[in-house]
Structures are given as C-alpha cells and as structure tokens.
There are 2 protein chains.
Amino acid sequence: MPYFDAASTLPPHPVAREALLAAWDEGWADPARLYREGRRARMLLDAARETAAELVGCRPDELSFTTSGTRALHTGIAGALAGRRRTGRHLVVSAVEHSAVLHAAAAHERAGGTVTEVAPDRGGRIGPGAWAAALRPDTALACLQSANHETGTEQPVAEAAEAGRAAGVPLLVDAAQSLPWGPPAGGWSLLAASAHKWGGPGGVGLLAVRKGVRFAAPEPSDEREEGRAPGFPALPLVVAAAASLRAVRAEAAAEGQRLRRLTGLIRDRVPELVPDCEVVGDPVRRLPHIVTFSCLYADGEALLHALDREGFAVNSGSSCTSATLAPSHVLKAMGVLSEGNVRVSLPPGTGEEEVRRFLAVLPGAVRGVRDQLTAGGAVTADGDDGLVLDTLGKRCPVPVTELGRVIGRVPVGGTVTVLSDDEVAGLDIPAWCHLRGHEYLGERPAPRGTAYRVRRTA
Amino acid sequence: MPYFDAASTLPPHPVAREALLAAWDEGWADPARLYREGRRARMLLDAARETAAELVGCRPDELSFTTSGTRALHTGIAGALAGRRRTGRHLVVSAVEHSAVLHAAAAHERAGGTVTEVAPDRGGRIGPGAWAAALRPDTALACLQSANHETGTEQPVAEAAEAGRAAGVPLLVDAAQSLPWGPPAGGWSLLAASAHKWGGPGGVGLLAVRKGVRFAAPEPSDEREEGRAPGFPALPLVVAAAASLRAVRAEAAAEGQRLRRLTGLIRDRVPELVPDCEVVGDPVRRLPHIVTFSCLYADGEALLHALDREGFAVNSGSSCTSATLAPSHVLKAMGVLSEGNVRVSLPPGTGEEEVRRFLAVLPGAVRGVRDQLTAGGAVTADGDDGLVLDTLGKRCPVPVTELGRVIGRVPVGGTVTVLSDDEVAGLDIPAWCHLRGHEYLGERPAPRGTAYRVRRTA
C-alpha cells in the first residue's frame with residue numbers, strides 16, 4: 001500500500017534497524033561513565049557524531065544530538081538569540097518556515113523580542129533581496145529553511161548566508177527536508193535537522209553550531225551534548241540515525257533523479273486529469289520528492305480519507321482537516337488556494353507504477369468528494385452592486401464552491417459579493433480568482449462576517 | 001561481568017527489545033495523521049500511555065511521554081511554577097534531589113525566583129517537620145524525590161504531600177529510582193520518572209500532571225503531548241518503555257526482597273572487610289537495590305578503575321572522579337565522607353555469587369588504592385596550638401589521608417590543625433572526625449587556604 005507522506009516521516013531505512021539492534025545490545029550504558037560498558041557506549045556515540053558531522057558538513061565538536069528536529073530548532077534559536085542578546089533582540093524568519101520555527105519566534109515576541117517575517121513569492125520562494133533588506137543592525141539571528149516541507153520549494157540559502165555575513169548576522173538553516181539529499185550550501189552558522197525525515201528513527205534531531213558563533217546554552221543547565229540537549233541519550237536511536245543518513249546519502253543522487261521525474265509526472269498530469277486544480281510551489285527550484293496541489297470545490301479532509309480508502313497515504317494543508325483548524329501557514333503566505341490541498345511526498349524506492357496508479361485513482365477521488373458538496377445551501381440575491389452570495393455559517397470549501405457555481409450567472413464585467421464568516425475565505429477567494437482568471441476587488445467588513453468582491457473577467 | 005550501576009541505567013529488559021521491534025515495524029508513522037499508518041501508530045501510543053498510567057497510578061490523560069527523566073523534571077517544574085506564578089515564586093526542594101531538579105531550581109533563582117533547600121539528616125532522609133516548615137504562602141511548588149539515587153534512602157512522600165495539601169502547595173515527586181518497585185504513595189500533584197532506570201530504553205521520560213493542578217506548558221508551544229513534550233515522538237522507545245515497566249513490576253515484589261537481602265549483605269560485610277569504611281544512607285527506609293559506602297584514605301576514581309579491572313562496574317560520588325570536579329551534592333548535604341565513595345546498585349537478576357565475589361575483591365582493591373597514596377608529601381610542624389599539618393596544594397583524599405596518618409602523634413585531648421586549599425576538605429575532615437570519633441572544632445581562613453581544627457578524643 002503506497003505511503004506518499006515522506007515529508008512527514010519515512011518508514012525507517014533497513015540499515016537503521018540493523019544499527020539500532022547492534023547499539024541496543026552494546027550501547028545501553030551511560031557514555032559519561034568510566035567503566036567498560038560506559039566507554040563502549042561513548043565510542044558508539046563518538047562514531048555516530050563523526051559520521052553525522054561529515055554528512056552535515058561540520059566538525060564533530062560542532063554537532064549535538066537532540067531529541068527531535070523541533071528541539072534542535074527551539075534550542076538553536078533560543079541559544080543564538082541569548083548569545084547575541086547584546087547585539088539586539090530582532091529575529092528574521094521566512095513566513096514559510098516550519099511551525100517549530102514560527103512557534104519559537106512567537107515565544108521570542110511574547111518575551112519582548114521583535115520578529116520580521118519575510119514573505120515568499122507565489123511559488124513559495126524567498127527573494128534574496130527581500131531577505132537582505134530584512135536584516136538590521138539589531139538583528140540577532142535569521143532563520144531560513146533549505147527547502148519547504150509543504151511545497152518542496154528550495155530557498156536561496158547561500159545568498160541568505162552571504163547577506164548575513166555582510167550584515168554580521170548568523171544564519172540558522174532548517175535543513176530538515178533537504179539533508180537526505182545533500183548538505184546545504186556553506187556559510188550557515190547554525191543548522192537543524194531531524195532523523196525521521198531521512199529514514200532514521202523518530203526521537204533524534206541534529207543541532208550544529210559553528211565554532212565562533214555566540215551561543216548561550218538554554219536553562220536549566222545540563223552537562224550532556226555541550227548543554228544543548230539535556231537528559232540521558234537514546235543512544236541506539238542516535239546510532240541508527242547516523243547509519244541511515246549515510247545509507248540514504250549513498251543512494252541520494254540516483255534516487256533524487258528518479259523521484260524528480262515521478263513528481264514531475266504528477267506536476268504535469270494532475271492539472272490535465274483534475275479540472276480546477278492548481279499545482280503549487282516553484283516548478284524548478286524544488287526538492288525531488290515533494291509535489292503539492294490544491295483542488296477547487298473539494299474538502300481536504302474528505303479527500304485524504306478518499307485517498308486513504310484507495311490505499312494512498314498523503315497529507316493536506318487544508319483548513320478542513322480535523323488535525324488543524326487553520327489552513328497551512330505556508331499556503332497562506334504564498335497566497336495560493338488551500339482548499340482541497342494534497343501534498344504528495346514520495347519515499348525513496350517509490351515505483352513508477354504506484355505513481356501511475358495514484359494518478360489513475362485521483363480524478364475519481366476528487367470527483368467523489370466534490371459530488372458530496374452539491375447542496376451548499378448558500379443563498380443568492382441581487383444587490384445594489386451585482387449578485388450577493390450569502391455563505392454565512394458555511395465552512396471551507398463551501399464559499400468558493402458556491403462562488404464557482406454562481407459565477408456563470410454574473411455577466412462578464414459584473415461583480416459578485418460573497419458574504420462569509422469563515423476566515424479561510426479571505427485566502428481562498430483571492431486564490432480562486434487568480435486560478436480562474438477573475439479579478440479580486442477586495443474585502444470589507446459586513447454586518448455579519450466579511451464581504452469579498454469579485455469581478456467576472458472571463 | 002557484573003554490572004552494579006543500576007541506579008545510573010539498566011541494561012534493557014528483554015521484553016523491551018521485543019516491544020521495540022514490534023513498534024519499529026508498525027509504529028514509525030506520525031500518530032497525528034489520519035491515514036492508516038498514522039492511526040496504527042496512534043493506537044500503539046494510546047496503549048503505551050494506558051499501560052504506563054496504570055503503573056504510575058494516574059489517568060492516561062494526565063500522563064505525557066517526554067524524551068528523558070531530566071526533561072520531565074525540567075518541564076514539570078517550569079510548568080508548575082509558571083502555572084502558579086500569581087501565588088508566588090517560591091520553590092521548595094530537598095537538598096538531595098537529583099541534579100536535574102537542582103539545576104531547574106538554580107535557573108528559577110537566576111530568573112528572579114526564590115528557592116529553599118531542605119536539608120536531610122545524616123542518613124539522607126528529609127524530616128517531615130522540616131519539610132512542612134519550609135512551605136510558605138508564596139510557595140508555588142515543592143519537589144521531593146521518592147527515594148535518593150545515591151543512597152537509596154526513601155523520603156516521606158506521603159507526609160510531604162499531606163503537608164502540601166494543608167498548605168495548598170502542589171508536590172512534584174521525582175519517582176525515577178522507585179517507580180520500578182511500585183507507584184509512590186498517593187497525594188502527589190506531579191510526578192516524573194525515567195524509563196532507562198527500570199530497564200526501558202534511554203530517551204523516554206514520564207511526566208504526570210494531575211487534573212486540576214495549575215500548569216502552564218512551556219514555550220515555544222507545540223501540539224504534541226498536551227504541549228509538554230515537543231517534537232516527533234520516539235514511538236518504538238515509548239512502547240518498549242511501557243512494556244518493560246509492566247514486566248519489571250510483575251517481578252518487583254520477589255526481586256525486591258531478594259536484592260534487599262543482597263544489599264543488606266553488602267551493608268553488613270563491607271565495614272567488617274574494609275577498615276575505615278562508612279556505609280551511608282538510611283539503613284531501614286531504603287530501596288532494595290542501592291547501597292553506598294565511603295572508604296577513608298582512598299581516591300574514588302582510582303577505586304572505580306580498580307573495580308573495573310576486576311570486572312565490576314560501580315559509580316562514585318567522590319570529587320576525585322574525572323567526570324565531576326565537585327563531590328556529590330548528596331553526600332555533602334548529608335555531611336558524610338565523600339572520599340573513596342562507592343555506590344553499588346544491583347540490577348534485577350543479580351546473583352548472590354556475584355555479590356560475594358564483589359565482597360571478595362573489594363578489600364584488595366581498596367588496599368591497592370590506599371597503597372598508592374603512601375607518599376602524601378604533607379608537612380607537619382608543631383604550632384602554638386598543637387600539631388599543624390600542611391596539605392596545601394594537595395587534592396582529596398590527601399588531606400584526610402595525612403590526617404589519619406598523623407593523628408596517632410597527637411596526644412589524647414590535643415589538637416591538630418590541617419591546612420588545605422581543597423574545598424572538599426571542608427566536607428571530608430568533619431566526616432572523618434564523625435567516623436573516627438574525634439572532635440571537629442571548626443574551620444577558619446588561613447593565610448593560604450583554610451585551617452581545620454581537630455581534637456583527638458580517642
């Protein structure tokens with residue numbers, strides 16, 4: 001049964017299991033102890049650190065093992081901000097960073113710091129000029145992902161590092177999605193990654209802090225991992241993580257080429273197979289294994305369930321999934337449609353026939369979900385200024401679904417006003433206009449909810 | 001080869017390995033996802049939580065899996081302090097808590113809070129009266145271990161919880177050492193524990209927070225484990241941890257009785273076999289598997305190495321070990337000798353013949369280490385007020401070793417003054433007096449270092 005959610009987590013690489021078992025039997029003792037069992041654990045830990053450092057592109061004494069990528073990000077950001085507190089308390093992040101970065105930024109703001117979010121283009125890519133312009137004399141740290149976890153869009157990390165060097169601002173690179181494919185371009189000051197994204201186990205992150213970067217280990221103090229990751233280590237997991245990173249890197253060049261062709265196939269075929277569908281993310285500067293698209297007039301969660309019934313595990317950035325009540329902040333920052341969103345991320349080894357089977361079942365799955373939405377229950381009326389579509393009390397994707405249904409009744413050049421109290425409409429209606437080629441005239445508060453105005457141009 | 005450092009960490013229970021492998025293959029996906037693989041992971045996580053909660057004695061929705069016992073303590077303390085910040089910023093801890101608690105207390109103090117450390121008696125036990133007296137109207141939290149990790153001494157947790165209830169102060173119990181033997185007495189508000197102390201893997205801690213306890217999840221926010229443990233879970237480890245806790249509990253009653261007899265044997269025999277040796281910790285209210293003693297005139301690190309060469313892995317709270325430059329804060333708080341300290345902690349399954357072999361090699365190991373210390377190089381002189389022993393520039397255990405050597409030259413009722421610039425002497429010389437039955441007259445600053453005065457009484 002095809003699992004197409006590699007960007008969330010990967011089934012562990014077979015090498016990870018072997019390494020885990022060897023370290024389980026040999027590496028259970030405390031590596032800080034002086035007796036034989038402790039020394040043996042220490043050797044395993046040191047060897048894992050050397051392997052991981054080589055593949056990250058840093059010195060072993062610059063690399064700490066944390067308990068997750070989230071922890072690596074939280075600790076890296078807090079430590080760098082604390083270490084450079086005398087410079088200032090300004091933090092720069094891209095608006096499409098992983099939520100762990102944005103949560104750390106929000107915590108920094110609540111603690112009195114300031115944060116600038118740099119917006120991406122419609123492909124999800126940060127402009128190097130906008131990035132450099134955000135750096136200020138009081139900027140303590142800037143955080144940019146090597147590539148986006150929802151769209152696969154690669155970010156200009158080398159340019160951002162260069163801008164940071166010129167401005168004297170260290171760059172933290174969240175390399176979680178790209179590290180399996182290769183080390184990020186040099187010039188970064190801090191790097192975070194997560195083993196379960198490359199076929200290592202959950203429970204292991206990497207935090208690299210270059211020598212010379214000001215860094216204050218967070219409180220409370222702890223003697224492990226240079227004070228950057230408190231608590232007794234999960235040594236078998238760390239060993240498994242290092243072994244699997246080496247293994248996936250050995251396969252990365254060939255596998256990357258193969259998966260890029262398969263995601264390219266999805267990018268090309270989905271708009272042909274599914275009407276009213278938008279593929280999002282940069283079409284060229286992208287990771288090999290991720291492709292994301294949104295389907296108008298479809299409920300994301302219903303689509304996930306329909307695909308799950310067909311045997312395909314995918315993810316969605318739609319607000320209509322029960323796990324998240326808000327739409328993906330990434331899609332929101334890009335200004336693209338969030339409804340009926342599907343992220344396909346292929347694990348290494350995915351076969352072309354699985355992808356073709358996915359393409360074969362997708363149109364029917366989308367159609368089935370769209371068919372469930374026929375009775376929207378919205379009310380239309382003629383207003384002073386064209387048609388008024390009342391979708392108050394209706395949740396995503398109803399406002400856009402109803403808009404799509406009534407647009408044919410609007411004369412070309414005429415307007416329709418959508419009333420909605422679902423805040424996602426503020427993202428999806430403009431995105432719908434962009435996708436369908438209509439003109440979005442703007443929004444204003446209405447007696448209840450918000451009024452969104454659209455001019456039919458085609 | 002006998003491993004006698006169970007209180008540091010245990011070799012994993014065989015059940016843990018089986019559970020790990022099952023969950024490795026079945027539970028690698030993100031339990032927050034809606035597709036089949038995610039739901040399967042979720043079921044494993046829920047089942048592990050139910051098992052662990054039952055064995056802890058709480059509701060499943062009160063229990064979070066953290067990445068270590070240290071993290072559980074750090075998060076538990078920070079969350080309870082933040083949740084009760086309006087009550088006050090006073091924290092009560094025992095002076096013999098695990099360093100993770102004391103580090104959290106130090107961080108709280110640096111952040112502007114206040115901390116009261118309650119001192120133990122010479123057996124390492126906290127008096128319930130002293131504990132109750134430390135609680136104030138502005139006390140936000142009190143932290144008491146169920147039993148000590150260095151001496152095995154059990155603490156009056158039920159009385160402390162009762163005092164907390166009377167004063168309206170929640171009690172956090174660090175149950176790391178005792179949880180394998182049984183749940184702590186009821187009445188606690190928060191509980192922390194660590195899986196690698198019961199034969200589970202490193203990388204899993206438990207944090208229980210009773211419903212109704214004010215608790216503010218620490219920043220940055222994260223949606224996992226009620227915001228109490230950010231990051232992707234190490235699900236196979238969590239499953240292994242729960243399975244092994246169940247397994248060790250099934251064996252706890254019989255194994256506890258057996259190990260208590262073996263540690264009792266060590267407690268009884270060591271003073272007979274090794275001259276100038278003190279067994280520390282409460283002789284009755286103690287965990288089954290831990291026994292600790294200190295040997296006068298011996299270097300703790302040298303003793304560890306000597307025992308390691310004989311095949312025995314033990315730990316030491318001496319300051320003379322390379323891993324820690326200060327003596328154990330536990331021994332210090334108890335006012336007992338720290339030099340030549342050995343902690344023996346027996347894993348389940350330890351055989352009597354192993355313990356007897358340990359008792360057979362111990363006297364020779366101590367003798368060998370003591371023999372290396374013959375040339376102390378201290379200088380004695382007659383002062384105005386009795387003998388003066390100059391050990392300036394000499395490290396532990398030289399000051400006490402030399403004191404033991406010269407005491408015979410002091411007439412009964414006469415005094416000897418030891419000059420030392422090793423701060424451990426301030427702990428070890430009074431402890432030596434207590435042990436040898438001499439009178440400790442006190443210390444005062446000297447032109448270099450400190451002068452410690454001792455009256456020969458026997």
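What counts as what
- Residues numbered from 1 in each chain as written.
- Chains lettered and ligands numbered in written order.
- Predicted model: local features only at pLDDT ≥ 70, side-chain atom pairs only at ≥ 80, totals over all residues.
- Heavy atoms only, no water.
- UniProt positions renumbered as here; feature names shortened; annotations may be inferred.
- Axes fitted to C-alpha atoms, helices over the stretch in contact; angles between N-to-C directions.
- Helix = DSSP H or I, 4+ residues; strand = E, 2+ residues; numbered from the N terminus.
- Parallel < 35°, antiparallel > 145°, perpendicular 65-115°, else oblique.
- Left-handed = near helix turned anticlockwise from the far one by under 90°.
- Contact = heavy atoms within 4.5 Å.
- Nonpolar A, V, L, I, M, F, W, Y, C, P; charged D, E, K, R; others polar.
- Buried area = accessible area lost by both parts, 1.4 Å probe.
- Salt bridge = Lys/Arg side-chain N within 4 Å of Asp/Glu carboxyl O.
- Polar contact = N/O pair within 3.5 Å; in protein donor to acceptor, adjacent residues only side chain to side chain.
- Pairing = 2+ DSSP bridges.
- Expected span 1.5 Å × (residues − 1).
- Buried < 20%, exposed > 50% of the residue type's maximum accessible area, 1.4 Å probe, protein only.
- Disulfide = S-S within 2.5 Å.
- Phe/Tyr/Trp six-rings, centres within 6.5 Å; stacked < 30°, edge-to-face > 60°.
- Least-squares fit on C-alpha atoms with pLDDT ≥ 70 in both.
- Domains from an automatic or database assignment.

An unreviewed UniProt entry lists chain A under the name Cysteine desulfurase, with Streptomyces aidingensis as the source organism. Recorded under Catalytic activity (unreviewed entry), the UniProt text for chain A is reproduced unchanged: "(sulfur carrier)-H + L-cysteine = (sulfur carrier)-SH + L-alanine". As stated in UniProt under Cofactor (unreviewed entry), the record for chain A gives "pyridoxal 5'-phosphate".

**Looking at the packing of helix H1 (residues 14–26) of chain B against helix H7 (residues 235–273) of chain B**
All names here are of chain B. For the pair H1 and H7, the least separation of the axes is 8 Å and the interaxial angle reads 150°. By the criterion of interaxial angle, the relationship of H1 to H7 is roughly antiparallel. In terms of crossing hand, the pair formed by H1 and H7 is right-handed. Contacts between H1 and H7 involve Val15, Ala16, Ala19, Leu20, Ala23 and Trp24 on the former and, on the latter, Pro236, Leu237, Val239, Ala240, Ala243, Ser244 and Ala247. Class assignment of the residues belonging to the contact of H1 with H7 gives a composition of 12 nonpolar, one polar and no charged.

**Things to note about the interface of chain B and chain A**
Listed as interface residues are 59 residues of chain B and, on the opposing side, 59 residues of chain A. Taken together, the two surfaces of chain B and chain A that pack against each other cover about 5,100 Å², and 62% of this comes from carbon and sulfur. Run the count over chain B and chain A and you get eight salt bridges. The salt bridge involving Asp25(B) is made with Arg17(A); its shortest N-O contact spans 3.1 Å. There are 18 residue pairs in polar contact (both at pLDDT 80 or more) connecting chain B and chain A. For the side of chain B that touches chain A, the secondary-structure elements that each account for two or more residues are H1, helix H2 (36–56), helix H3 (69–83), helix H4 (99–110), H7 and helix H8 (300–309) of chain B.

**Considerations on the sheet that holds strand E11 (residues 379–383) of chain B**
Residues and elements named next belong to chain B. A sheet is described by the order of its strands in space; here five strands give the open sequence E11-E12-E13-E15-E14, paired in mixed fashion. A strand with exactly one partner marks an edge of an open sheet, and here the two such strands are E11 and strand E14 (439–445). Averaged over all neighbouring strand pairs, the angle between strand axes comes to 20°, with direction disregarded. Where strand E12 (residues 386–390) and strand E13 (residues 415–420) come together, four bridges link them in parallel fashion. Across the sheet, residue Val388 finds its bridge partner in E13, namely Thr417. Along the sheet, helix H11 (residues 398–406) contacts E11, E12, E13 and strand E15 (450–455); its crossing angle with E12, the most-contacted strand, is approximately 150°.

**Thoughts on the sheet that holds strand E9 (residues 290–295) of chain A**
Residues and elements named next belong to chain A. Across the sheet, three strands lie side by side as E8-E9-E10; this open sheet has antiparallel pairing. The open sheet terminates on both sides in strands that have one partner only, identified here as strand E8 (277–280) and strand E10 (341–345). Along the sheet, successive strands turn relative to each other by an average axial angle of 25°, direction set aside. Two elements, E8 and E9, share four bridges in a ladder whose sense is antiparallel. Within E9, the position partnered with Cys277 by the bridge is Cys295.

**Here we look at helix H4 (residues 99–110) of chain A**
Residue and element names in this part refer to chain A. Helix length check: H4, at 12 residues, gives a terminal C-alpha distance of 16 Å against a target of 16 Å (1.5 Å per residue), a fit within 8%. Along H4, the residues classified as buried are Ala100, Val101, Leu102, Ala104, Ala105, Ala107 and His108. Contacts made by the buried residues of H4 are with helix H3 (69–83), strand E2 (90–94), strand E3 (114–118), strand E4 (139–145) and helix H9 (329–334).

**Observations regarding H3(B)**
Residue and element names in this part refer to chain B. Taking 1.5 Å per residue as the helical rise, H3 with its 15 residues ought to reach 21 Å, and the 21 Å between its terminal C-alpha atoms agrees with that figure. Counting buried residues along H3, 12 of its 15 residues qualify, which places the element largely inside the surrounding structure. Considered for burial, the residues of H3 that qualify are Gly69, Thr70, Arg71, Ala72, Leu73, His74, Thr75, Gly76, Ile77, Gly79, Ala80 and Leu81.

**Quick notes on the pattern of salt bridges**
Side-chain pairing between opposite charges can occur once the charged atoms of the two side chains come close. Tallied over the entire structure, the rule returns 52 salt bridges over all chains. We note a salt bridge from Asp5(B) to Arg343(B), for which the minimum N-O separation is 2.9 Å. Remark: Arg343(B) occurs in strand E10 (residues 341–345) and Asp5(B) occurs in the segment before H1; sequence separation between them is 338 residues. For the pair Asp5(B) and Arg343(B), one class covers both residues: buried. Residue Glu37(B) is joined to Arg36(B) by a salt bridge in which the shortest nitrogen-to-oxygen separation is 2.9 Å. Connected through shared salt-bridge partners, Asp5(A), Arg343(A) and Arg33(B) make up one network.

**Thoughts on the UniProt feature "domain: UPF0033" (unreviewed entry) in chain A**
In this structure's numbering, the residues bearing the UniProt feature "domain: UPF0033" (unreviewed entry) are residues 388–454 of chain A. The span residues 388–454 of chain A shows a helical share of 31% and a strand share of 31%, and its end C-alpha atoms are spaced 10 Å apart.

**What about the pairing of E11(B)?**
Residues and elements named next belong to chain B. The pairing of E11 with E12 spans five bridges and is classified as antiparallel. Paired with Gly383 across the bridge in E12 is Gly386. In this antiparallel pair of consecutive strands, E11 and E12, the connection spans two residues.

**Some points on the state of the cysteines**
Residue and element names in this part refer to chain B. With the rule as written, the count across this model stands at zero disulfides over all chains. Looking at the unpaired Cys58, the closest cysteine sulfur is the one in Cys143, lying at 17 Å. For Cys58, a relative accessible area of 13% translates into the label buried.

**Concerning the side chain of Thr75(A)**
Turning to its location among the elements, Thr75(A) is positioned in helix H3. When residues no more than four places from it in sequence are discounted, the contact partners of Thr75(A) are Leu207(A), Phe215(A), Pro218(A) and Arg228(A).

**Comments concerning the packing of aromatic side chains**
A full pass over the atoms with the stated rule returns 10 aromatic pairs over all chains. Ring geometry for Tyr3(A) and Tyr35(B): centres 5.7 Å apart, planes at 80°, overall edge-to-face. Of this pair, Tyr3(A) sits in the segment before helix H1 (14–26) while Tyr35(B) sits in the loop between H1 and H2, which puts the two residues in different chains. Taking the centre distance of 5.3 Å and the plane angle of 70° together, the rings of Phe312(A) and Phe358(A) count as edge-to-face. Of this pair, Phe312(A) sits in the loop between helix H8 (300–309) and H9 while Phe358(A) sits in helix H10 (residues 352–371), and the two are 46 residues apart along the sequence. We note that Phe312(A), like Phe358(A), is buried.

**Brief notes about the relation of the copies chain B and chain A**
The transform that puts chain B on chain A rotates by 180° and translates by 0.0 Å along the axis, for an RMSD of 0.0 Å. Each copy turns onto its partner about a two-fold axis. Of every C-alpha in chain B, the one belonging to Thr67(B) sits nearest the axis of rotation, 3.3 Å from it. A shared binding surface is used by both copies, with 100% of the interface residues of chain B retained as interface residues in chain A.

**Description of the domain arrangement of chain A**
All names here are of chain A. In terms of domain boundaries, chain A breaks down into domain 1 (14–247), domain 2 (253–371) and domain 3 (379–455). Here the C-alpha centre of domain 2 lies 28 Å away from the C-alpha centre of domain 1. Each side of the interface is counted separately: domain 1 has 23 residues, and domain 2 has 24 residues. Each partner contributes to the roughly 1,900 Å² buried at the junction of domain 1 and domain 2, and carbon and sulfur atoms together form 58% of this total. Among the residues of domain 1 in contact with domain 2, Arg122, Glu150 and Trp181 are the three that bury the most area, contributing 39% of the side total. The interface formed by domain 1 and domain 2 contains one salt bridge.

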